[in-house]
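Residues per chain are reported as follows:
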Amino acid sequence: MVQWQPRVRRLERKPKASKKIHAAPPLVLCGGFVMLIVLGMLLLKLPFASTQSIGWMQSLFTATSAVTVTGLVVVDTGSAFTLFGQLVIAILIQLGGLGLMTFAVVTLLALGGKIGFLQQTIAKEAFNQTDTSTLVSTAKSVLWFSLIVESIGMLILTLYWSAELGWKTSLLHGFFYTISAFNNAGFALSPDSLMPYVADPVINLTITALFITGGLGFSVWMELWRKRCWNKLSLYSRLMLTGTLLINVIALLAIYWIEYDNPATLGALNSCGKWLAAWFQAVTPRTAGFNTLAIHQLEDATTALTLLLMFIGGGSLSTASGIKVVTFMVLVLATYSFLRRDGAVTAFGRTIPTGTVQKALALTVISVGVTWISIFLLLITEQAAFIDVVFEAVSALGTVGLSRGLTASLSPAGELIIIILMFMGRLGPLTLAYFLASPRTRSIAYPESRLAVG
């Protein structure tokens, strides 16, 4: 006889859903940078962080400039801050240069969290990726790539400076200048930046290699490493490499020709020194911020060219800012296509979508508008020459860091305007990318109407 036994129903625990971040990506991104800037400001305000009395506005300005990898300074970094303060600035540069999004993705992975759809959208825009599954591997590659390049740069600079400065000082200089150069920050430990090394091939080539590598864009380097064939590269990488080469070569030849007889810049140098100085000045406006020539002594034509280079900037998923090289290339190609009456914008046998052209146009128009407003406000708050104000505004928005000497004499209102510009220049493109990457569908279609333009 079989006895009946009640069936015990086991209650299985449902796995807890992974936590997701529900805040909008622009809010998360801006909030993270604000927190980092505030933390940096508090650390720089500590008594043992500076060698002299530093005001709250000066601490805020320095922290913002470091986090946004700009390089504009209201106090001399080398003399106004102690070793602790300089290390704080270097860390802020590293975090701001590589981007909080990179560290956020790695941290979420380490904690076992998931990235929500909205976060994936902005991360894909920031990393120039189309596949969400590659975001984590991209973030890891960015960190490893950065550490390897910075280690090589630091080793070269430390060994080279050891004979001149001694091991202790050369180690600090190698560490600080490597981080500042690779992240396109432009912070220097001397008030005249790198002007004493204007004709030094090792310093010129090492520093420019660092900030060109950082400014070209991590996605381009990863694609070059993986595919190693020009025809297999994506359209973005080919446009980025072509645009960077053309812009650098044209800028080099133009500056060499314009400044050749200028006694305050290239005129006093030998043939090799002229080429090195022209090369450095041609590539540093791509948001690097270092200078080996006195910026205020450049010819007006060189200054105008520098303004254009600062506005263009570097590449996406890089330590550089500006409207970006590919954005500029898309606008040039779209203009050329319109003048030829072509039906589509093409490059290297590929068609550039209309949405991409519209995105490039929107980013450029907004950048021009913000620049004009800032120039207008600075002309009201500052008693300075027009060209100095324009240069300062473009440098701040492009997070370049070059200055004609106006930064140190800014009024409190002017400092606040520049702080906002630096913040917008670093976060504006990423924040705007989020909104442009989220198309809004319309249920109503309106009839077309032709307008007279031009």
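Residues numbered from 1 in each chain as written. Predicted model: local features only at pLDDT ≥ 70, side-chain atom pairs only at ≥ 80, totals over all residues. Heavy atoms only, no water.

Looking at the layout of surface pockets
At step 1: The space that makes up the second largest pocket amounts to roughly 540 Å³.
At step 2: Lining the second largest pocket we find 28 residues, and of these V73, P191, N291, G401 and S403 sit closest to its centre.
At step 3: When its residues are assigned to classes, the lining of the second largest pocket shows 13 nonpolar, 12 polar and 3 charged. (1 Å grid on protein atoms, 1.4 Å probe; cavity = no way out; pocket = protein on both sides within 12 Å on 5 of 7 lines; lining within 4 Å. Points joined across faces, edges and corners; volume = space filled by probe spheres on them. Nonpolar A, V, L, I, M, F, W, Y, C, P; charged D, E, K, R; others polar.)

Observations concerning empty space enclosed by the protein
It is the rolling of a water-molecule-sized probe over the atoms that shows where space remains empty.
At step 1: Considering all chains together, one arrives at 1 cavity of 30 Å³ or more under this definition.
At step 2: Volume-wise, the largest cavity comes out at about 90 Å³.
At step 3: As for the largest cavity, its lining consists of N184, F211, I212, G215, L216, M240, T244, N248, V283, R286 and G314.
At step 4: Among the secondary structure elements, those contributing two or more residues to the lining of the largest cavity are α9 (201-216) and α11 (235-259).
At step 5: For the lining of the largest cavity, the leading source of residues is α9, giving 4 residues.
At step 6: Of the residues contributing to the lining of the largest cavity, the split by class is 5 nonpolar, 5 polar and 1 charged. (Helix = DSSP H or I, 4+ residues; strand = E, 2+ residues; numbered from the N terminus.)

Points about unusual backbone geometry
At step 1: The backbone phi angle of N184 is positive, close to 55°, even though this residue is not glycine.
At step 2: Counting through the fold element by element, N184 comes out in the loop between α8 (167-182) and α9.
At step 3: The phi dihedral of T287 falls on the positive side, at around 80°, and the residue is not glycine.
At step 4: Looking at the secondary structure, you find T287 in the loop between α12 (271-283) and α13 (300-312).
At step 5: Take T287: its relative accessible area is 0%, and that puts it in the buried class. (Buried < 20%, exposed > 50% of the residue type's maximum accessible area, 1.4 Å probe, protein only.)

Describing the side chain of T292
At step 1: Along the polypeptide, T292 turns up in the loop between α12 and α13.
At step 2: Owing to a relative accessible area of 4%, T292 belongs among the buried residues under this scheme.

Section: the pattern of salt bridges
At step 1: Scanning the entire structure with this criterion turns up 3 salt bridges.
At step 2: Two residues, D342 and R340, come together in a salt bridge whose shortest N-O distance is 3.4 Å.
At step 3: A salt bridge links R404 to D388; the shortest N-O distance between them is 2.5 Å. Of this pair, R404 sits in the loop between α16 (386-397) and α17 (412-436) while D388 sits in helix α16, and the two are 16 residues apart along the sequence. (Salt bridge = Lys/Arg side-chain N within 4 Å of Asp/Glu carboxyl O.)

Some words on the confidence of the model for the chain
At step 1: Per-residue confidence for the chain averages 84 on the pLDDT scale, and 81% of its residues sit at or above 70.
At step 2: Within the model, the stretch residues 14-21 combines pLDDT values under 50 with 8 contacts to residues more than four positions away or in other chains. (pLDDT = per-residue confidence, 0-100. Contact = heavy atoms within 4.5 Å.)

Observations concerning the packing of helix α4 (residues 83-98) against α8
At step 1: Taken N-terminus to C-terminus, the directions of α4 and α8 make an angle of 30°; their axes are 9 Å apart at the nearest point. Classified by the interaxial angle, the pair formed by α4 and α8 is roughly parallel. Taken as a pair, α4 and α8 cross one another with a handedness that is left-handed. From α4, L83, Q86, L87, I89, A90, I93, Q94 and L98 reach across to α8, where they touch L172, F175, F176, I179, S180 and F182.
At step 2: Each residue belonging to the contact of α4 with α8 can be placed in one class, and the counts come to 11 nonpolar, 3 polar and no charged. (Axes fitted to C-alpha atoms, helices over the stretch in contact; angles between N-to-C directions. Parallel < 35°, antiparallel > 145°, perpendicular 65-115°, else oblique. Left-handed = near helix turned anticlockwise from the far one by under 90°.)

A look at the nonpolar core
At step 1: Of all hydrophobic cores here, the largest spans 108 residues; its most connected members are Y177, I207, F290 and I418.
At step 2: No other element matches the 9 residues that α11 contributes to this core.
At step 3: In contact with I207, other than residues within four places in its own chain, are L157, Y177, A181, L194, F280 and F290. (Core = buried A, V, L, I, M, F, W, Y, C linked by side-chain atoms within 4.5 Å.)

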